[in-house]
Amino acid sequence: MTNTFSAFCDAAASVMLAACAVYRARQYGHALDGALLLGCLAGVASPVARDALLELPLRETLDGAALPASLCGALCGLAAFRWNIRSWPLFRWTDAWSMALAAALGCGEAMLCGYGPAACLLVGMAAGTVGGLARDLALGDTALAVQQQCHAAAVLPGLAVQWGLWQWGQLPLWAAVLISCVLIAGLRLGYAFWKDGYW
């Protein structure tokens, strides 16, 4: 997994996590500055949690693209709110893909560090859910990770497939990460469509 690919996925996840947080905060009527702050915190939560669990230097994470990407995502979320884009489909899709990207990348980084399968799954689960947990708890919501079925549970099979493809399928790690990401988001959105009848 190249540094460029990892940095791109990290930035994309941070953008989407921050956009979701700001959109949700403004939807609930919270102040602009508070919403932007929450967006930045939600955006950096995933890479910080992942690197802390893997005992990687946090200074590189905080000095890297995570914070600028989070600020960019926060502004995107604010723009989406101001333009009255339909809330639930936008939030559901963005939240699903941000969780999938963060989880798959977290698991991939753990695999590169030489951790065993259980630790890789744990790091991936933590990285995928911590941004949404921080957002929901700060807004006084019940966290979606525990409120909705097939939310956090969608992460586990995707990460297991990722580990298997890399370990036994001899796929490049970047390809395993992408397949895992699509599987996680597909499981979560597919369950939502089956349950509610719309995306």
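The structure we're discussing is the one just above.
Overview of the structure.

## Topic: the layout of surface pockets
In step 1: Each pocket or cavity is described by its volume, and for the largest pocket that value is around 440 Å³.
In step 2: Contributions of two or more residues to the lining of the largest pocket are made by α1 (3-27), α2 (32-53), α3 (58-63) and α5 (87-112).
In step 3: Broken down by element, the lining of the largest pocket gets its largest block of residues, 6 residues, from α1.

## Description of helix α4 (residues 66-82)
In step 1: Relative to the 24 Å expected for 17 residues at 1.5 Å per residue, α4 spans 24 Å between its end C-alpha atoms, a close match to the ideal helical length.
In step 2: Every buried residue of α4 is listed here: A66, A69, S70, G73, A74, G77, L78 and A80.

## What about the environment of E60?
In step 1: In this fold, E60 is placed in helix α3.
In step 2: Taking C-alpha positions, E60 is 10.0 Å from V48, a pair spaced 12 residues apart along the chain.

## Some words on unusual backbone geometry
In step 1: Within the chain, E55 stands out as a residue other than glycine whose phi angle is a positive 60°.
In step 2: Tracing the chain through its elements places E55 in the loop between α2 and α3.
In step 3: Looking at E55, the relative accessible area reads 71%, which means it is exposed.
In step 4: The phi dihedral of Q170 falls on the positive side, at around 55°, and the residue is not glycine.
In step 5: Topologically, Q170 is positioned in the loop between α8 (155-167) and α9 (173-196).
In step 6: Residue class for Q170 comes out exposed when judged on its relative accessible area of 62%.

## Quick word on the packing of helix α6 (residues 117-138) against α8
In step 1: Following both chains from N to C, one finds α6 and α8 inclined at 135°, their axes separated by 10 Å at the closest point. Comparing the axis directions of α6 and α8 gives the class oblique. In the packing of α6 onto α8, the handedness of the crossing is right-handed. For the pair α6 and α8, contact is made by P117, C120, L121, G124 and M125 and by V155, L156, L159, A160 and W163, respectively.
In step 2: When the residues that make up the contact of α6 with α8 are grouped by side-chain class, the tally is 9 nonpolar, 1 polar and no charged.

## Considering the packing of aromatic side chains
In step 1: Counted under the stated rule, the structure contains 2 aromatic pairs.
In step 2: Between Y23 and F81, the aromatic rings sit 6.2 Å apart at their centres with planes inclined by 90°, giving edge-to-face as the arrangement. Taken together, the positions of Y23 in helix α1 and F81 in helix α4 put the pair 58 residues apart, joining distant regions of the chain.
In step 3: In this structure Y23 comes out as buried when scored by relative accessible area, which is 6%.
In step 4: Summarising the aromatic geometry, the rings of W163 and W166 are spaced 6.3 Å apart at their centres and angled 65° between planes, so their arrangement reads as edge-to-face. Here W166 and W163 lie together in helix α8, a separation of 3 residues that amounts to about one turn.
In step 5: Overall, W166 belongs to the partly exposed group, its relative accessible area being 26%.
In step 6: The ring of F91 has R24 lying over it, and the distance from NZ or CZ to the ring centre is 4.3 Å.

## What to know about the packing of α2 against α4
In step 1: As a packed pair, α2 and α4 sit with axes 8 Å apart at the nearest point and diverge in direction by 135°. If you check the angle between α2 and α4, you find them oblique. In this structure, α2 crosses over α4, and the sense of that crossing is right-handed. Of α4, the residues touching α2 (which contributes L32, L36, G39, C40, G43, V44 and P47) are A66, L67, S70, L71, A74, L75 and L78.
In step 2: Of the residues contributing to the contact of α2 with α4, the split by class is 11 nonpolar, 3 polar and no charged.

Cut-offs used in this document
- Sequence order as written defines the numbering, with residues in each chain counted from 1.
- Given that the model is predicted, a residue must reach a pLDDT of at least 70 before its local features are reported, and side-chain atom pairs must reach 80 or more before they are shown or counted; all residues, however, enter totals for whole chains, interfaces and linings.
- To get the side-chain values, take all heavy atoms of the structure and skip hydrogens and water.
- Both site types are read off a 1 Å grid over the protein atoms alone. A 1.4 Å probe that fits but cannot get out defines a cavity, while an open set with protein on both sides within 12 Å along at least five of seven lines defines a pocket; lining residues have an atom within 4 Å of a point.
- Grid points are joined across faces, edges and corners, and a volume is the space filled by probe spheres set on the points.
- The helix count covers DSSP runs of H or I at least four residues long, the strand count covers runs of E at least two residues long, and both are numbered beginning at the N terminus.
- In this analysis, the expected span of each helix is defined as 1.5 Å times one less than the number of residues it contains.
- Residue burial is assigned from relative accessible area. The probe radius is 1.4 Å, only protein chains are included, and a residue is buried under 20% of its type maximum, exposed over 50%, and partly exposed in between.
- Only C-alpha atoms enter the line fits that serve as axes; for helices the fit covers just the stretch in contact. Angles between N-to-C directions range over 0 to 180 degrees.
- Small angles under 35 degrees read as roughly parallel and large ones over 145 as roughly antiparallel, with 65 to 115 read as roughly perpendicular and the rest as oblique.
- If you view the pair so one helix is near and one far, a crossing is left-handed when the near helix is turned anticlockwise from the far one by less than a right angle, and right-handed when it is turned clockwise.
- By the convention used here, residues are in contact when the closest approach between their heavy atoms is within 4.5 Å.
- For this scheme, ten residues count as nonpolar: Ala, Val, Leu, Ile, Met, Phe, Trp, Tyr, Cys and Pro. Four count as charged, namely Asp, Glu, Lys and Arg, and the remainder, Gly too, count as polar.
- Two rings from Phe, Tyr or Trp (for Trp, the six-membered ring) form a pair when their centres are within 6.5 Å of each other. A pair whose planes differ by under 30 degrees is stacked, one over 60 is edge-to-face, and the rest are tilted.
- Here, a charge over a ring is recorded when the distance from Lys NZ or Arg CZ to the ring centre is within 6 Å and its angle to the ring normal is within 35 degrees.

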